[in-house]
Amino acid sequence: MKSTEQDLQRLLDHALATCDATSLSLSCWDGSEVVSCAKGLAVCEKDIAATPDTLYSIGSSTKAFTAASIGILVDRGLLDLDEPVKTYLPDFRMADDYVTEHLTVRDILCHRCGLPRHDISLDFREEDSIEEMVKSLAYLKPAFPFRYRFHYQNHMFILATLLVEKVSGQDFSSFVRDHIFRPLGMDSSYVYGDEIDPDDSRLSAPYDVMDGKVKSVPRTWLKQAAGAGSFYSTTKDMIKWLRFRIHGDEKVLSDRMRLEAQSPQMVIKKGEMQSYSFPEITSSDYGFGWFVESYRGVLTIHHGGALNGYRSMQLFVPEKDIAISALTNSNAIDAVESITYDLLDLLLGLPACDWLGRYRKITLDMRKDYATQLAELQKKKAELAASSSSGEPADYAGIYEHPGYGKLPFTVEGGVLRAHFAGEAYPLFSTGPDQFTLLHEEYLLAQEFTFLRGEDGKVTGFESALEEMLPDEMMHFTRI
């Protein structure tokens, strides 16, 4: 079925009226032409309307570009998918010696290295280089046996970024621009958001919307995460990318490597990616930067993205010559995913499934859980604020370092100990001798810290369990 601008506008109107989104941009290829539409505000403070040329973070949709960059180097004979990473990075180390010796290029592209997400390390290492991020892998503990199961995370795609740089001799941004963006005519795409002119009126601003209230959130460039999630683009440019994924271009990437990336590499079992599932999706696998699924009997390939204040969804159907890109400058995952599947059903000529209603229910159920947990957290915060324990906050001020997680500064402001990361200062509440709890309401974070003292009684470091999948693994930070 052919799509029209009226079809897209109707879906946009419905999604924006239902979801907590500031704007939505939607483009599709229906086998004969590209149709694009956008609605809402790209920058609320300046009343700038979104258009199909508006720039958004695409988050983890970046990963497919990183995998393609690796594929280009394989085509040139500079990399082998099944060679150990140490072949190309002799100093490379993981926490597990066996993984250090046997982790291959293929392993790093399909989420089977055994690491949990270790996401807080990305917050602590905002100013680090890609090379420093890779060095930290030697100190990040695994949660699963090597190649045992699929577990989505970001650090391996940071490692892939470094591989591209070291093997090609180019910085990652230049490599992608020269070998992917320019050949495909993606003139409105950027590897790093800070490459965009800050006065460029096409650049959207990130927001969080709750109960109709729009809140601006800090912009994150994710330079330390690079090929895991740093790209900015438009839906019109992303359609060029998706059409390339369908039809190929041997001048950019061999069909062998293009199709390998879009083929199942790891089976995703129920519960390994998300808590909810849909009966229309009967199988789910991961390729290289792509989810490969059977949707209502049709092979679909897609990848979403999430960065605070942005959500994205890119999907294509090779056998039907269909491509869809949806972007928003808000945390409305229900908007981009539901509109993608609603449009997909329309293009496939299938009965509608009310995807927006389904995703909205999931979102509202999550919000109910969030409200319950928030109330418990606020109660705990009030109790801690009213209590007092021994220890002077000034004793703990300083900078602490973990070789895997990086540096965490603590300061005292207004008599309150605060931890500084992700561009914010988080207050800590004393719960006992050398014991503190960090509470963050927005992220429902209740993090325990135990400070350590030397024989002279001075604070020398702290311990905290920072990875939820390793609840018994205490990360030891040393005061520097």
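Residues numbered from 1 in each chain as written. Predicted model: local features only at pLDDT ≥ 70, side-chain atom pairs only at ≥ 80, totals over all residues. Heavy atoms only, no water.

### Concerning the pairing of strand β21 (residues 475–479)
Line of reasoning, step 1. Strand direction decides the pairing type here: strand β14 (residues 398–402) and β21, joined by two bridges, are antiparallel. Residue pairing across strands places E401 opposite T478, the latter belonging to β21.
Line of reasoning, step 2. Where strand β20 (residues 459–464) lies against β21, four bridges are found, and the strand directions are antiparallel. If you follow S464 over to β21, its bridge partner there is M475. (Pairing = 2+ DSSP bridges. Helix = DSSP H or I, 4+ residues; strand = E, 2+ residues; numbered from the N terminus.)

### Side note on the sheet that holds β14
Pairing between the strands of a sheet comes from backbone hydrogen bonds, and it takes one of two forms, parallel or antiparallel.
Line of reasoning, step 1. If you trace the eight strands once around the closed barrel, you get β14-β15-β16-β17-β18-β19-β20-β21, paired in antiparallel fashion. Between one strand axis and the next, the sheet turns by 35° as a mean value, whatever way the strands run. (Axes fitted to C-alpha atoms, helices over the stretch in contact; angles between N-to-C directions.)

### Observations regarding the packing of helix α2 (residues 63–75) against helix α7 (residues 155–168)
Line of reasoning, step 1. The contact between α2 and α7 brings their axes to 10 Å, and the two run at 35°. In the packing of α2 onto α7, the handedness of the crossing is left-handed. Across the interface between the two elements, K63, T66, S69, I70 and L73 of α2 pack against F157, A160, T161, L163, V164, V167 and S168 of α7.
Line of reasoning, step 2. A per-class count over the contact of α2 with α7 returns seven nonpolar, four polar and one charged. (Left-handed = near helix turned anticlockwise from the far one by under 90°. Contact = heavy atoms within 4.5 Å. Nonpolar A, V, L, I, M, F, W, Y, C, P; charged D, E, K, R; others polar.)

### A closer look at unusual backbone geometry
Line of reasoning, step 1. For H118, which is not glycine, the phi dihedral falls at a positive 50°.
Line of reasoning, step 2. Residue placement: H118 occurs in the loop between α4 (105–108) and α5 (120–124).
Line of reasoning, step 3. Overall, the relative accessible area of 0% leaves H118 in the buried class.
Line of reasoning, step 4. Even without being glycine, A422 reaches a positive phi, approximately 55°.
Line of reasoning, step 5. Summarising the element assignment, A422 is placed in the loop between β16 (416–421) and β17 (424–432). (Buried < 20%, exposed > 50% of the residue type's maximum accessible area, 1.4 Å probe, protein only.)

### Let's talk about α7
Line of reasoning, step 1. Taking 1.5 Å of rise per residue, 14 residues should cover 20 Å, and α7 covers 20 Å from first to last C-alpha, within 8% of that figure.
Line of reasoning, step 2. Of all 14 residues that make up α7, 11 are buried, and the element is covered over most of its length.
Line of reasoning, step 3. When we look at burial in α7, the residues that qualify are H155, M156, F157, I158, L159, A160, T161, L162, L163, V164 and V167.
Line of reasoning, step 4. Summarising the contacts, the buried residues of α7 are in contact with α2, α4, α5, α6 (130–135), α8 (172–184) and β9 (281–286).
Line of reasoning, step 5. Phi for G169, located one or two positions after α7, is positive at around 80°. (Expected span 1.5 Å × (residues − 1).)

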